[in-house]
Every structure is written in C-alpha cells, then in structure tokens.
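Next come the chains, spelled out residue by residue.
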Amino acid sequence: MNEGWKVFWLFSIVFAAAFGAERTFVPDIVPVAFADVPQPLWAVGTAVVLRALELISGSVSLIALILMCGVWAEHLRQVQLHAQDRLKARFIEK
C-alpha cells in the first residue's frame, strides 16, 4: 500500500513542478501555434512538453489516488467483517 502512495506523491510533485515551470517560463504561450499570433518556436515547443508532463503526471496521480482510496475502503470492509465475526463468536460462546 505504501508503494501506491509513493507513486501518488511522486507524480503530484512532477505535476507541480511542470505546472510551476510552465507558468514561470512560458506564461503567455498557447501550446498550439496559431497562424495569426506570432510566437517563438522554442516557447511553443516548451509549452507543449510542459503541458504534456502536466497532463500525464496529473492523470497518473489521480489514478493512483483513486486506486489507493479503493484499497483503503477494502481494508476497512475487511476490518469490519472481522469485527463482526469476532462479535458473533463471542455471543455463540455464551
């Protein structure tokens, strides 16, 4: 279970770094070059790469979070079932 949280935090950090880098280095550049708005080619390329990193790392982070919440819910269900079994066993003994 710890590995899932490591994946979540790692890709959350990558997302934050890419988001911050995009806002810092190419704040007014659209990742799609429009013909009527002149934009430097290096800035468009950088914006495309940083946006791709944002989207990929954000997606992986969200998927990891959803999976870890599912694992946590399953663990809680197992704990509840075990507690119910112990309670039934205690009443059967009496």
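Draft legend 1. Molecular detail of the packing of aromatic side chains. Per the counting criterion, the structure on display carries three aromatic pairs. Each ring, one from F8 and one from W9, has its centre 4.9 Å from the other, and the planes form 70°; the classification is edge-to-face. On the accessibility criterion, F8 (12% relative accessible area) is buried. Since its relative accessible area comes to 52%, W9 is described here as exposed. Here the aromatic rings of F15 and F19 are separated by 6.0 Å at their centres, their planes lie at 20°, and the arrangement is stacked. In this pair, F15 and F19 both sit in helix 1 (residues 2–25), four residues apart, roughly one turn of the helix.

Draft legend 2. Just the pattern of salt bridges, in detail. Throughout the structure, instances matching the rule amount to three salt bridges. The shortest N-O distance in the salt bridge between R51 and E22 comes to 2.8 Å. One end of the pair, R51, is in helix 2 (residues 41–93); the other, E22, is in helix 1, with 29 residues separating them in the sequence. Overall, the relative accessible area of 2% leaves E22 in the buried class. Look at the salt bridges and you will find they share partners, linking E22, R23 and R51 into a network.

Draft legend 3. Spotlight on the nonpolar core. The biggest cluster of nonpolar side chains holds seven residues, and these are A21, V26, I29, A43, V44, A47 and L50. Looking at which element gives the most residues to this core, the answer is helix 2, with four residues. The residues touching A21, leaving out its near neighbours within four places in the chain, are V26 and L50.

Draft legend 4. A look at helix 1. Its 24 residues place the ends of helix 1 34 Å apart at the C-alpha level, agreeing with the 34 Å of an ideal helix rising 1.5 Å per residue. When we look at burial in helix 1, the residues that qualify are G4, F8, S12, A18, A21 and E22.

Conventions we followed
- Residues numbered from 1 in each chain as written.
- Predicted model: local features only at pLDDT ≥ 70, side-chain atom pairs only at ≥ 80, totals over all residues.
- Heavy atoms only, no water.
- Phe/Tyr/Trp six-rings, centres within 6.5 Å; stacked < 30°, edge-to-face > 60°.
- Buried < 20%, exposed > 50% of the residue type's maximum accessible area, 1.4 Å probe, protein only.
- Helix = DSSP H or I, 4+ residues; strand = E, 2+ residues; numbered from the N terminus.
- Salt bridge = Lys/Arg side-chain N within 4 Å of Asp/Glu carboxyl O.
- Core = buried A, V, L, I, M, F, W, Y, C linked by side-chain atoms within 4.5 Å.
- Contact = heavy atoms within 4.5 Å.
- Expected span 1.5 Å × (residues − 1).

Without other data, these values stay purely geometric and don't point to any function.
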